[in-house]
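Letter by letter, the chains look like this.
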Amino acid sequence: QVQLVESGGGLVQAGGSLRLSCAASRRTFSSDTMGWFRQAPGKEREFVAGISRSGGSTRYADSVKGRFTISRDNAKNTVYLQMNILKPEDTAVYYCAADTQGGLIFTAYWKYDHWGQGTQVTVSL
């Protein structure tokens, strides 16, 4: 069983930055591909960023490329999402997810088998 706990969300003005963290309880965290997703009211959950088991490969949604950076610290069982130049359209609940099968970085949410509870990010004008 994997428990994922996100933190770092909040209210920020457009152009500002936030750093999300996701702490995992799984002892074999380094075997999991990790992803960040988000869901805005009335919209489907969408892929934001993903990172391979070693951290050597990353993948981003086009809407966040150049602004967001995903990273991980396997010694701390934690994955991060650094969000810069935030826009009002980034407002959503952000979820951390684990694909315990590892391997490729998938953008489809159904490929991830463990989820955190989510953290709200609100970007104001």
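Just above, that's the structure.
Since the structure is predicted, the reported quantities are computational estimates derived from the model, not experimental observations.

The rules behind each value
- Residues numbered from 1 in each chain as written.
- Predicted model: local features only at pLDDT ≥ 70, side-chain atom pairs only at ≥ 80, totals over all residues.
- Heavy atoms only, no water.
- Disulfide = S-S within 2.5 Å.
- Helix = DSSP H or I, 4+ residues; strand = E, 2+ residues; numbered from the N terminus.
- Salt bridge = Lys/Arg side-chain N within 4 Å of Asp/Glu carboxyl O.
- Buried < 20%, exposed > 50% of the residue type's maximum accessible area, 1.4 Å probe, protein only.
- Polar contact = N/O pair within 3.5 Å; in protein donor to acceptor, adjacent residues only side chain to side chain.
- Pairing = 2+ DSSP bridges.
- Phe/Tyr/Trp six-rings, centres within 6.5 Å; stacked < 30°, edge-to-face > 60°.

### Quick look at the state of the cysteines
Enumeration according to the criterion identifies 1 disulfide in this entry. Each disulfide pairs two cysteine sulfurs, and for Cys22 the partner residue is Cys96, the sulfurs being separated by 2.1 Å. Handedness here is read from the sign of the S-S torsion; for Cys22 and Cys96, about -75°, the answer is left-handed. In this pair, Cys22 is assigned in strand E3 (residues 18–24) and Cys96 in strand E9 (residues 92–99), connecting sequence segments 74 residues apart.

### So, the pattern of salt bridges
Under the criterion given, the structure shown has 4 salt bridges. When the shortest N-O distance is used, the salt bridge between Glu46 and Arg38 registers 2.6 Å. Residue classification places Arg38 among the buried positions, given a relative accessible area of 5%. Here the salt bridges share partners, and the residues they tie into one network are Arg38, Glu46, Arg67 and Asp90.

### A closer look at the side chain of Thr100
With respect to the secondary-structure elements, Thr100 resides in the loop between E9 and strand E10 (114–115). Among the polar contacts made by the side chain of Thr100, one reaches the side chain of Asp113 at a distance of 2.4 Å.

### What about the pairing of strand E11 (residues 119–124)?
Residues Thr119, Val121 and Val123 line the buried face of E11, whereas the alternating positions Gln120, Thr122 and Ser124 sit on a face that is not buried. The pairing of strand E2 (residues 10–13) with E11 spans 4 bridges and is parallel. Bridged to Gly10 within E11 is Val121. In this structure, E9 lies alongside E11, joined through 3 bridges in antiparallel fashion. Residue pairing for E11: Tyr94 is matched across the bridge by Thr119.

### A word on the packing of aromatic side chains
For the structure on display, the rule yields 6 aromatic pairs. Each ring, one from Phe37 and one from Phe47, has its centre 5.6 Å from the other, and the planes form 80°; the classification is edge-to-face. Taken together, the positions of Phe37 in strand E4 (residues 33–39) and Phe47 in strand E5 (residues 46–51) put the pair 10 residues apart, joining distant regions of the chain. We classify Phe37 as buried; its relative accessible area is 1%. Take Phe47: its relative accessible area is 9%, and that puts it in the buried class.

### Some words on the pairing of E9
Burial within E9 is extensive, with 7 of its 8 residues counted as buried. Inspection of the sheet shows E4 paired to E9 by 7 bridges, in the antiparallel sense. Along E9, the bridge assignment pairs Met34 with Ala98. Across 2 bridges, E9 lies against E10 in antiparallel orientation. For Ala97, the partnering residue across the bridge sits in E10 and is Trp115.

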